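So the chains spell out like this:
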Amino acid sequence: MSQPLLRTPLHDLHVNMGAKMVPFAGYEMPVQYALGVKKEHLHCRAEAGLFDVSHMGQLRLRGKNAAKMLEMLVPVDIIDLPEGKQRYAFFTNDAGGIEDDLMVTNFGDHYFIVVNAACKTEDIAHLQAHLLADVELEVIHDRALLALQGPKAVDVLATLAPQVRDMVFMDAVRIPLLGQECYISRSGYTGEDGFEISVPTSHAATLATTLLEDKHVEWIGLGARDSLRLECGLCLYGHDLDKTTTPIEASLLWGISKVRRTEGERVGGFIGADVILSQIEIKAVDRKRIGLIGQTKAPVREGSLLFNADGEQVGVVTSGSFGPSVSIPVAMAYVTPHYSVIDTVLFAEVRGKKLLMTVTKMPFVAQRYFRGQ
């Protein structure tokens, strides 16, 4: 028998707001609310959207060798990550594939890590298997996670904590909201300015309700979260990233810190380094992640095969949707490198028809992270 679905601490709030609840990563999660996916998407782009992402895994890593240990598992500079800063990272495997992507924050006395819900059991086991003698891993069970995203997010949150206005993209602080210590980073996965807020479970509903009292804020479900991240060219693990895909194939070279590359001070030393550094060196991979825009109104979904003008299969779509902000179908796909050149014309097979698509630069919608005045 399958395991019963888990619920986040905000489940009752979602149900009371008329959310459509669906199974997702072992949880019962809101896919949309009364506004509907398109209006939720556009509201987040224009004002502020509130997302319940409490299904994600939250962890603490402590010990003088915690940074050294993390660098054994990710190709990212953790040792020199300043206190109060966050960094995107990914666990890699022996073949150079991506086991999961994650966020790492240096809070001084510990590293705060957020991992994907579908991978958190494996990620915890992975970390435990590589613990160094003085390093302690704590799985956090008493915190929820909210994301407040959109151009009005800073104004909304500043009514509770004015100091958030001084934060820039990837800053992180521990400050009280409504009298309870929260972990706040100026980050998110919509491409908009915004914040992710780790809040004590007992306080989550109160904080969410307070934020929703602002006229600019609406609940946003998983449906719009997916279309928002896709328009901004952000990968979703299990779709655009997986255990068989290397960071170089995924066009994530920027996610491999220079200090960890061949000419860097701490070259390699992470799992799969030989494969990944070789791909960087020879500048050759078998496939490449690209962006596509459709020439018709029909969306092209994940799994759609891609063909060249001669009818030869050259790739597959890994994420696809109609982009509400751009009013055209957008997609991410993997193709053989020859077909990754901008303006290349490809054909996506959808219900027996071949739909014209064009390779384009990503993001499809400009990212609007706040990096300072």
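Residues numbered from 1 in each chain as written. Predicted model: local features only at pLDDT ≥ 70, side-chain atom pairs only at ≥ 80, totals over all residues. Heavy atoms only, no water.

This paragraph deals with the packing of aromatic side chains. Taken as a whole and assessed by the stated rule, the structure comprises seven aromatic pairs. When the ring of Tyr-88 is compared with that of Phe-90, the centres are 5.9 Å apart and the planes differ by 75 degrees; the resulting orientation is edge-to-face. Phe-90 gets classed as buried once you look at its relative accessible area, which sits at 0%. Put simply, the rings of Tyr-88, Phe-90 and Trp-254 touch in pairs and so form one group of aromatic residues. (Phe/Tyr/Trp six-rings, centres within 6.5 Å; stacked < 30°, edge-to-face > 60°. Buried < 20%, exposed > 50% of the residue type's maximum accessible area, 1.4 Å probe, protein only.)

Spatially, six strands are ordered 10-11-12-9-3-13 in an open sheet, and the strand pairing comes out mixed. Two strands close off the open sheet at either side, each with one partner strand: strand 10 (172–177) and strand 13 (217–219). Pairs of neighbouring strands in the sheet enclose a mean axial angle of 30 degrees, with direction left out of account. Pairing of strand 9 (residues 143–149) with strand 12 (residues 194–200), which is carried by seven bridges, proceeds in the antiparallel orientation. When the sheet's bridge partners are listed, Leu-146 is paired in strand 12 with Ile-197. Most of the contacts of helix 6 (residues 201–212) go to strand 12, to which it runs at about 145 degrees, and overall it touches strand 3 (48–52), strand 9, strand 10, strand 11 (180–185), strand 12 and strand 13. (Pairing = 2+ DSSP bridges. Helix = DSSP H or I, 4+ residues; strand = E, 2+ residues; numbered from the N terminus. Axes fitted to C-alpha atoms, helices over the stretch in contact; angles between N-to-C directions. Contact = heavy atoms within 4.5 Å.)

Going through the model one piece at a time under the given rule, you end up with 19 salt bridges. Measuring nitrogen to oxygen at the nearest pair gives 3.2 Å for the salt bridge that ties Glu-28 to Arg-7. In this pair, Glu-28 sits in strand 2 (residues 27–32) while Arg-7 sits in the segment before helix 1 (11–16), placing the two residues 21 residues apart along the sequence. Residues participating in the shared-partner salt-bridge network are Glu-71, Asp-77, Asp-80, Arg-260 and Arg-266. (Salt bridge = Lys/Arg side-chain N within 4 Å of Asp/Glu carboxyl O.)

This part takes up unusual backbone geometry. Between Met-362 and the following residue, Pro-363, the backbone shows a cis peptide bond with an omega angle of 5 degrees. Even without being glycine, Ser-327 reaches a positive phi, approximately 60 degrees. Looking at the secondary structure, you find Ser-327 in the loop between strand 16 (313–323) and strand 17 (328–335).

As a further point, take the side chain of Thr-92. Inspection of the secondary structure puts Thr-92 in strand 5 (residues 85–92). Among the polar contacts made by the side chain of Thr-92, one reaches the main-chain carbonyl oxygen of Ile-271 at a distance of 2.6 Å. (Polar contact = N/O pair within 3.5 Å; in protein donor to acceptor, adjacent residues only side chain to side chain.)

With that settled, the discussion passes to the environment of His-216. Mapped onto the fold, His-216 is located in the loop between helix 6 and strand 13. A C-alpha to C-alpha distance of 41 Å links His-216 and Leu-306, two positions 90 residues apart in sequence. His-216 has contacts with His-43, Glu-47, Ala-48, Lys-152 and Val-156, leaving out every residue within four places of it along the chain. Polar contacts involving the side chain of His-216 include one to the side chain of Glu-47, which spans 2.6 Å.

Below, the discussion takes up the sheet that holds strand 6 (residues 98–106). Across a sheet, paired strands are connected by hydrogen bonds in the backbone, their directions being either parallel or antiparallel. If you walk across this open sheet you meet the five strands as 5-6-7-4-8, and the pairing is antiparallel. Since the sheet does not close on itself, it has two edges, and those belong to strand 5 and strand 8 (136–139), each with one partner. Mean inter-strand twist for the sheet, computed between neighbouring axes without regard to direction, equals 25 degrees. Contacts between helix 4 (residues 120–129) and the sheet are confined to strand 4 (57–62), strand 5, strand 6, strand 7 (111–115) and strand 8, with strand 8 contributing the most and set at about 165 degrees to the helix.

Note on placement: Ser-54 falls in the loop between strand 3 and strand 4. Classification of Ser-54 as buried rests on a relative accessible area of 9%. When sequence neighbours within four positions are dropped, the list of residues in contact with Ser-54 reads Thr-8, Pro-9, Ala-144 and Leu-145. Here the side chain of Ser-54 touches Asp-52 through a polar contact of 2.6 Å, side chain to side chain. Polar contacts involving the side chain of Ser-54 include one to the main-chain amide nitrogen of Leu-145, which spans 3.0 Å.

Moving on: the nonpolar core. The biggest cluster of nonpolar side chains holds 30 residues, and the ones touching the most others in it are Leu-148, Leu-157, Ile-184 and Phe-195. Breaking this core down by element, the ones donating at least two residues are strand 3, strand 9, helix 5 (153–158), strand 10, strand 11, strand 12, helix 6 and strand 13. Element by element, the count of residues in this core is highest for helix 5, at five residues. In contact with Leu-157, not counting residues within four places along its chain, are Leu-148, Val-164, Leu-177, Ile-184, Phe-195, Ile-197 and Leu-211. Phe-270, Leu-277, Val-285 and Tyr-369 belong to the second-largest nonpolar core, a separate cluster that totals 24 residues. (Core = buried A, V, L, I, M, F, W, Y, C linked by side-chain atoms within 4.5 Å.)

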